[in-house]
Amino acid sequence: MNGSTYGLNPKMIVFLLFMGNLISGLDRFLINYGIVHISKDLQLNASSTGLILSIFFLGYAFMQIPGGWLADRFGARLVLFISIIGFSIFTGLTGLAWSLASLIAVRFIFGLAEGSFFPAGAKLISVTIPQEKRSRAMSFYLSALTVAGVAAPLLATTMLLQIGWRMMFVVIGVCGSLVGLLYWFYLKPKKEQQRQESEQPLVEQSAPPAKGAFKVLLKTPIVWSLMIASFAYGFISWGTASWMPTYLVNERGLDLQVLGVLQMIPAVTGFAFFLLAGYILDKVKSGNEKWLGAASGIGIACMVYLMFNAQTITGVVIYQSLLPMFAAVLSVIIFSLPIKQLPEAVGGSAVGMINLGMQIRDSSLRYLSAS
Amino acid sequence: MIDLFNGSYSGVVWLLVAFGIVCCLAFLKLNSRKENAPDETVETGIPASR
């Protein structure tokens with residue numbers, strides 16, 4: 001089965017997924033920059049702002065498995081459309097919040113709506129992209145978050161100054177809704193094409209997972225292994241992003257401006273490494289990905305160790321630039337392996353389960369931080 | 001979080017290194033391709049992807 005089932009070429013499908021994930025990332029990251037203005041306007045204290053920033057993750061984690069299952073059951077197109085329209089509406093509503101309670105409710109539902117997007121996107125890749133190109137598609141899909149990470153501070157600082165935090169969320173919500181409409185119209189299977197390709201089952205009409213399929217998935221070792229890898233990788237990723245800056249400033253006496261430049265390195269190199277990782281993984285012989293994953297796990301551990309123990313700032317820069325390479329390989333393997341090796345009928349559920357591993361990491365870190 | 005290690009950054013670093021090793025072990029636990037994926041069965045009706 002390929003992208004022509006939707007009347008589109010696979011490149012267009014991957015581009016749409018990239019745009020959707022970019023909007024999803026922006027919606028998620030912008031609040032980190034707007035929170036100071038929000039707190040001031042709504043007169044919130046530190047614990048309330050912490051709650052606002054973290055409540056999203058609860059809804060997001062909660063929807064991972066149901067979102068994947070819904071995509072398997074009802075098709076990726078419908079779930080992606082509902083998800084992107086849903087999270088765009090609630091991004092817009094963030095700008096209309098009038099109290100702490102309303103903001104918490106809006107951000108929680110925003111998390112619920114966005115939670116089904118990633119597994120449904122993975123499902124779309126699994127049913128529309130040829131197997132030998134799925135790692136590349138997944139790498140491009142994932143790289144959108146790196147781009148969002150670079151674009152969010154630039155957009156936020158400009159928009160916060162020009163139009164304020166309320167309009168910033170409304171504008172991003174409208175942009176997301178427009179991308180959502182693109183999904184609905186461009187991913188619509190063409191009736192004429194359906195007739196011509198009647199020998200092959202259509203994506204939206206393909207058999208949903210049978211009763212008991214989810215139980216089989218729970219007993220599948222690859223899902224648990226990748227879930228553990230996802231948890232561990234997420235922990236390292238979060239750790240290096242959050243503890244490194246403090247360490248470099250407090251312990252190594254690094255200038256804040258130099259730190260700002262250093263922080264851009266993983267974001268810029270990350271995008272290139274994602275695309276490279278996807279290309280390499282599609283070339284690796286099936287079954288050998290595990291060696292690449294294992295080597296990258298050791299590689300990332302070494303980079304973290306070397307980065308913290310480097311004698312010079314140049315050393316820190318070198319190791320910090322190499323770390324995204326291992327990180328990109330790990331995340332592309334973690335999310336492309338299930339859609340390459342598991343049956344298409346359970347692709348969404350499998351990716352939802354594996355991504356939940358990363359979200360459990362987030363919840364546990366927040367608990368540890370609080371304690 | 002750093003307080004859990006009495007303000008020691010090296011404790012945090014070793015924790016991250018440990019997670020890298022966990023990640024490596026999780027991949028090493030994977031079997032070869034065929035053993036990873038469930039085959040099509042009458043009970044589940046999951047079609048094999050290829």
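Residues numbered from 1 in each chain as written. Chains lettered and ligands numbered in written order. Predicted model: local features only at pLDDT ≥ 70, side-chain atom pairs only at ≥ 80, totals over all residues.

Colleague: Give me the overall build of chain B: which residues, what numbers.
Modeller: Secondary structure summary: chain B contains two helices and zero strands in total. A total of 50 residues make up chain B; the buried ones form 28% of that total. (Helix = DSSP H or I, 4+ residues; strand = E, 2+ residues; numbered from the N terminus. Buried ≥ 20, exposed ≤ 12 C-beta atoms within 10 Å, placed from the backbone.)

Colleague: Can you tell me about the overall build of chain A, naming the residues and giving the values?
Modeller: Within chain A one finds 15 helices and zero strands. For chain A, the proportion of its 371 residues judged to be buried stands at 50%. Partitioning the contacts of chain A with sequence separation of at least 6, the portion at a separation of at least 24 is 84%. (Contact = placed C-beta atoms within 7 Å.)

Colleague: Tell me about the domain arrangement of chain A, residues and numbers included.
Modeller: Frequently, the measure chosen for interface size is the accessible area removed from exposure when the parts meet. All names here are of chain A. One can read the domain layout of chain A as domain 1 (3-195) and domain 2 (213-370). Each of domain 1 and domain 2 was reduced to a C-alpha centroid, and the two centroids are 21 Å apart. Of the residues lining the interface, 35 residues belong to domain 1; the matching set on domain 2 comes to 33 residues. Listed by contribution, the elements that provide at least two residues to the side of domain 1 that touches domain 2 are α2 (46-62), α3 (64-74), α6 (117-128) and α7 (134-162). The biggest single contributor to the side of domain 1 that touches domain 2 is α7, with twelve residues. Residue classes in the side of domain 1 that touches domain 2 are distributed as 18 nonpolar, eleven polar and six charged. (Domains from an automatic or database assignment. Nonpolar A, V, L, I, M, F, W, Y, C, P; charged D, E, K, R; others polar.)

Colleague: Explain the environment of B:K29 to me, using residue names and the numbers behind them.
Modeller: Relative to the helices and strands, B:K29 is located in the loop between α1 (9-28) and α2 (33-36). Judged by local crowding, B:K29 falls into the partly exposed class, with 16 C-beta atoms found within 10 Å. Residues B:K29 and B:Y9, 20 residues apart in the sequence, show an inter-C-alpha distance of 30 Å. Once residues lying within four places of it in the same chain are set aside, the contact partners of B:K29 are A:P221 and A:S225.

Colleague: An account of the packing of α6(A) against α7(A) is requested, with residue identities and associated values reported.
Modeller: All names here are of chain A. Their axes nearest at 10 Å, the elements α6 and α7 cross at an angle of 155 degrees. Considering the angle they form, α6 stands roughly antiparallel to α7. Crossing angle aside, the handedness with which α6 passes α7 is right-handed. Residues G121, I125 and S126 of α6 touch α7, and the partners they reach there are R134, A137, M138 and Y141. (Axes fitted to C-alpha atoms, helices over the stretch in contact; angles between N-to-C directions. Parallel < 35°, antiparallel > 145°, perpendicular 65-115°, else oblique. Left-handed = near helix turned anticlockwise from the far one by under 90°.)

Colleague: Tell me about the packing of helix α11 (residues 221-250) of chain A against helix α14 (residues 313-341) of chain A, and please be specific about residues and values.
Modeller: All names here are of chain A. Packing of α11 against α14 brings their axes to within 10 Å, and their N-to-C directions diverge by 155 degrees. The orientation of α11 with respect to α14, classified from their angle, is roughly antiparallel. Judged by the sense of rotation from one axis to the other, the crossing of α11 with α14 is left-handed. Of the residues in α14, those touching α11 at I222, V223, L226, A229, S230, Y233, S237, T240 and L248 are V316, L323, A327, L330, S331, I334, L337, P338 and Q341. Of the residues in the contact of α11 with α14, the class split is 13 nonpolar, five polar and no charged.

Colleague: Describe in detail α14(A), supporting the description with residues and values.
Modeller: Given a rise of 1.5 Å per residue, 29 residues ought to cover 42 Å, and the 42 Å separating the end C-alpha atoms of α14(A) matches this to within 8%. Of all the bends in α14(A), the greatest, near 30 degrees, is centred on A:F335, and the proline A:P338 appears no more than four residues after it. (Expected span 1.5 Å × (residues − 1). Bend = angle between axes of the 7 residues up to and from the residue.)

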